[in-house]
Amino acid sequence: MNILLLSLILCLAIFSLIAKDLLHSIIALSAISILSALLFTFLKAPDVAITEAAVGVGVSTIIYVWAIRHTKRKDEEK
Amino acid sequence: MKKTSFFKIFLTTFIISLAVLPIILSNKSWPTLARDYLFNQAFNETGASNTVSSIYLGYRLMDTLGETLVLLVAITGTMSILLNLHKQTLESVETESSLSPEKRPQNALRTNLVEVVASKLGPIILLFGLYVMLYGHISPGGGFQGGVIVASAIVFLALGTEVKTKLTNSVVLSRIEAFSFISLILVTTYVVFFTDGFFSSIATDSPFVSASIIILLNIIIGLKVGTSLAVMIIAMMGGQHAH
């Protein structure tokens, strides 16, 4: 179970690095946070799991989305 | 370009795995001295059955004060950047996610769904955050975790338009934050007189006193973290939001 969660986290991390749209990267990052919270719960660290879920999914996602809204898209063709 | 970025990612992962490999492969057992001491003594000395909160609010209280200062400095820096940003682009703050309806452009794709659901969910999340904050000494959780949940509840209340509350006003939030920070400093320095001196723990002979101080500190830290994060996010989403 832990191996499965860790490999999912790794896949999502690679996806968030290579994704073209930064919004997709943010969604992948919050999915990583949820999976990490699940992993921490399995490893009997509920305090860390609560922190990871609250900070990773809630606050940091809002901050990333706000930062992306204030930047402009820049492609290679244009 | 795509292939080189793939190659870079795999190279970085490989190097990091090589660096971590000796730790995974080593047979040396972890040191158990502190773990055994805390397992046997933490409840008797601090009165908190959650050992994590007995560490960071009992034995290591000064570290927690420093941690709160780090958060304060981070929020202050973010707020100064945000205020300058709003000053420069005063006419272009019209965004779809702006909190006050008159700032939004007319053609913004927005339904009432978000506002209704957010204002219904907000009070429930606020209650859960207060629960996590108040029961930090006997169940998983604590001041910081509860504070972050309270902050997201305040953001939900600010997004919704059904509930009219003073809690989403930045001035009120800033006052709560300043008050809780002053009380945090007062409590952490007052604790010194109970015990051996500066930089000592609050683990005393009477667990009742320690447990009460831990509950008080959980409430103070939760209010501090929650209100400062809420002020920052409300400022990000379009400044003052007065109901």
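All figures in this text were calculated on a predicted structure; none of them were measured in a lab.

Looking at the overall build of chain B
Argument step 1. Summing up its helical and strand segments, chain B has eight helices and zero strands in all.
Argument step 2. Overall, chain B shows an N-to-C arrangement of helices and strands of α-α-α-α-α-α-α-α.
Argument step 3. In chain B, which comprises 243 residues, the proportion classed as buried is 40%.
Argument step 4. Sequence-distant contacts, at least 24 apart, represent 71% of the contacts inside chain B between residues at least 6 apart.
Argument step 5. Of the accessible surface of chain B, which amounts to about 14,400 Å², a share of 70% is contributed by carbon and sulfur atoms.

Description of the pattern of salt bridges
All names here are of chain B.
Argument step 1. In the structure shown here, the tally under the stated rule is two salt bridges over all chains.
Argument step 2. Where arginine 35 meets aspartate 36, a salt bridge forms, and the shortest distance between an N and an O atom there is 3.6 Å.
Argument step 3. Using a relative accessible area of 34% as the deciding quantity, one classes aspartate 36 as partly exposed.
Argument step 4. In this structure, glutamate 177 and lysine 224 form a salt bridge, with 3.5 Å as the shortest nitrogen-oxygen distance. Of the two residues, glutamate 177 sits in helix 7 (residues 170–194) while lysine 224 sits in helix 8 (residues 207–236), which places them 47 residues apart along the sequence. An identical accessibility class is assigned to glutamate 177 and lysine 224; each is buried.

Points about helix 2 (residues 22–42) of chain A
In an α-helix there are 3.6 residues to a turn, and that puts residues three or four apart on one side.
Residue and element names in this part refer to chain A.
Argument step 1. For helix 2, which comprises 21 residues, the first-to-last C-alpha distance of 30 Å matches the rise-based estimate of 30 Å (1.5 Å per residue) to within 8%.
Argument step 2. Taken together, the buried positions of helix 2 are Ser25, Ile26, Ala28, Ser30, Ile32, Ser33, Leu35, Ser36, Ala37 and Leu39.
Argument step 3. Looking at the packing, one finds that the buried side of helix 2 touches helix 1 (2–18) and helix 3 (46–69).
Argument step 4. The N-capping residue of helix 2, defined by a side-chain oxygen 3.2 Å from the backbone nitrogen of leucine 23, is aspartate 21.
Argument step 5. Where helix 2 ends, the next residue or the one after it, lysine 44, has phi of about 65°, a positive value.

Observations concerning the side chain of Ser36(A)
All names here are of chain A.
Argument step 1. Considering the arrangement of structural elements, one finds serine 36 in helix 2.
Argument step 2. For serine 36, a relative accessible area of 12% puts it in the buried group.
Argument step 3. In this structure, serine 36 is in contact with Ile9 and Glu52, ignoring residues within four places of it in sequence.

Describing the packing of aromatic side chains
Residue and element names in this part refer to chain B.
Argument step 1. Under the counting rule described, the total for this entry stands at two aromatic pairs over all chains.
Argument step 2. For the pair tyrosine 131 and tyrosine 135, a centre-to-centre distance of 5.0 Å together with 35° between the ring planes defines the contact as tilted.
Argument step 3. Overall, tyrosine 131 belongs to the partly exposed group, its relative accessible area being 40%.
Argument step 4. Here a set of aromatic residues connected by ring pairs shows up, and it is made of Phe128, Tyr131 and Tyr135.

Observations concerning the interface of chain A and chain B
Argument step 1. On the side of chain B, 22 residues touch chain A, which itself brings 16 residues to the contact.
Argument step 2. Where chain A abuts chain B, roughly 1,800 Å² becomes buried across the two surfaces, and 78% of that area is made up of carbon and sulfur atoms.
Argument step 3. Counting the surface chain A buries against chain B, the share from its top three residues, Ile18(A), Asp47(A) and Trp66(A), is 31%.
Argument step 4. Between chain A and chain B we count five residue pairs in polar contact (both at pLDDT 80 or more) in total.
Argument step 5. Taken together, the elements giving at least two residues each to the side of chain A that touches chain B come down to helix 1 and helix 3 of chain A.
Argument step 6. Considering every element that reaches the side of chain A that touches chain B, the biggest residue donor is helix 3 of chain A, with 11 residues.

With respect to the confidence of the model for chain A
Argument step 1. Here chain A averages 87 in pLDDT, and 95% of its residues register 70 or above.
Argument step 2. Across chain A, element-level confidence peaks in helix 2 of chain A with a mean pLDDT of 92 and bottoms out in helix 3 of chain A with 86.

Each value, and the rule that gives it
Residues numbered from 1 in each chain as written. Chains lettered and ligands numbered in written order. Predicted model: local features only at pLDDT ≥ 70, side-chain atom pairs only at ≥ 80, totals over all residues. Heavy atoms only, no water. Helix = DSSP H or I, 4+ residues; strand = E, 2+ residues; numbered from the N terminus. Buried < 20%, exposed > 50% of the residue type's maximum accessible area, 1.4 Å probe, protein only. Contact = heavy atoms within 4.5 Å. Areas by Shrake-Rupley, 256 points an atom, 1.4 Å probe, with all protein chains shown as cover. Salt bridge = Lys/Arg side-chain N within 4 Å of Asp/Glu carboxyl O. Expected span 1.5 Å × (residues − 1). Polar contact = N/O pair within 3.5 Å; in protein donor to acceptor, adjacent residues only side chain to side chain. Phe/Tyr/Trp six-rings, centres within 6.5 Å; stacked < 30°, edge-to-face > 60°. Buried area = accessible area lost by both parts, 1.4 Å probe. pLDDT = per-residue confidence, 0-100.

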